[in-house]
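Chains, contacts and geometry: an overview
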Amino acid sequence: MAEHNLVEPQTVVSYPNSDWRGSSAAASAAVNELEQGKVLFFPHLAFSLTPDQQKLLDPALVDPKRKNISYDAGSHQIKGVASADKEPEIRKLLEDFYQSSLGLIETVLPEYQAVLRKPVNSLRLHPVSEWTNSSSWRKDDTRLHVDAFPSRPNYGERILRIFTNINPNGEDRVWRIGEPFPQLAARYLPQLDGFSPFKSWLQHKLHITKTPRSHYDHLMLQMHDKMKSDADYQKNGQQITQRFPPGSTWICFSDQTPHAAMGGQFMLEQTFLLSVKDMHNPEAAPLSTLQRLTSKQLV
Ligand code: SIN
Ligand code: FE
């Protein structure tokens, strides 16, 4: 694939860590790199499964109505398991991964330790190659996008995600990663529809959204959709291809870093939310970038 002028060190930064907990000399660099929209890549950080947990790597365990199995560490609730008898074992795996993720935050992003909110994680068992057949272009995560959730407005809160490839057959997770957010936003903003507070109120009344969409949520969702539906951007937009082998882990702000999953199977993903005010440099948030570019208060 063409690399379109985006050099890897600008986008992906590698870290040598091989333990989920332990000292890290580079913690202050990590938070800055992450907040600039870079992907922190840990090529030697494996999440090991026991032989019994290896048996859980089976797409048949996912409820056919759902894309993934998900676990809320706050309430211990698990969703998307096809048969109830497997729930305790999968809950244990997802709880273990949550605890490991906390260890990694403590090690690499200690400033965030006390301020991350709403931990939810997922076990992704389906091959990426089988996504496209079943979903609409809007839900197609093989297209470059920044994350924005249609039914869950987040008022500028950051979406921090930790991913680890647990494929037992040597298969890489393959991503495309796009340009820095300020550049992306400056190009798309002129194409986005205006915000209607009435429409936002109505969508909430009709239960399309859980809370009313803010101007920020409107812009992020529009940008998500415009990026995915723009064939020229998908093909010719600045991007690199990055392979994440089994036994590797990576972290990014998925609301900021354009990403697309191109291949692979079997992955764990941990999400945390973070308030803009709790960032090391709040000016780097998509909310701040969009407010600067529009000269408007967006939440
Ligand atoms: C996404 O977050 O868009 C998909 C990432 C993946 O499943 O590799
Ligand atoms: Fe995404």
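Check the entry above for the structure.
Quick caveat: nothing in here was measured; it's all calculated off a predicted structure.

1. Describing the pattern of salt bridges
- Evaluation of the coordinates by the stated rule reveals 17 salt bridges.
- In this structure, the salt-bridge partner of D52 is K55, at a minimum N-O distance of 3.1 Å.
- On the accessibility criterion, D52 (45% relative accessible area) is partly exposed.
- With relative accessibility at 61%, the residue K55 sits in the exposed group.

2. Some points on the packing of helix α6 (residues 181-188) against helix α10 (residues 286-294)
- Where α6 contacts α10, the two axes come as close as 10 Å, and the packing angle between them is 40 degrees. The orientation of α6 with respect to α10, classified from their angle, is oblique. In this structure, α6 crosses over α10, and the sense of that crossing is right-handed. Across from F181, P182, A185 and A186 in α6, the residues of α10 making contact are P286, T289, L290 and L293.
- Here the contact of α6 with α10 is built from residues that sort into seven nonpolar, one polar and no charged.

3. A closer look at the coordination of the iron ion (ligand 2)
- The protein atoms donating to the iron ion (ligand 2) are H145 (NE2), D147 (OD) and H259 (NE2), with metal-donor distances spanning 2.1 to 2.2 Å.
- Between consecutive donor residues of the iron ion (ligand 2), the sequence gaps follow H-x1-D-x111-H. With D147 in the loop between α5 (131-134) and β6 (158-165) and H259 in strand β10 (residues 259-263), this pair connects stretches of sequence that are 112 residues apart. Of the two residues, D147 and H259, neither departs from the other in class, the shared state being buried.

Rules used throughout
- Residues numbered from 1 in each chain as written.
- Chains lettered and ligands numbered in written order.
- Predicted model: local features only at pLDDT ≥ 70, side-chain atom pairs only at ≥ 80, totals over all residues.
- Heavy atoms only, no water.
- Salt bridge = Lys/Arg side-chain N within 4 Å of Asp/Glu carboxyl O.
- Buried < 20%, exposed > 50% of the residue type's maximum accessible area, 1.4 Å probe, protein only.
- Axes fitted to C-alpha atoms, helices over the stretch in contact; angles between N-to-C directions.
- Helix = DSSP H or I, 4+ residues; strand = E, 2+ residues; numbered from the N terminus.
- Parallel < 35°, antiparallel > 145°, perpendicular 65-115°, else oblique.
- Left-handed = near helix turned anticlockwise from the far one by under 90°.
- Contact = heavy atoms within 4.5 Å.
- Nonpolar A, V, L, I, M, F, W, Y, C, P; charged D, E, K, R; others polar.
- Donors = N, O, S within 2.8 Å, 3.2 Å for Na, K, Ca; no water.

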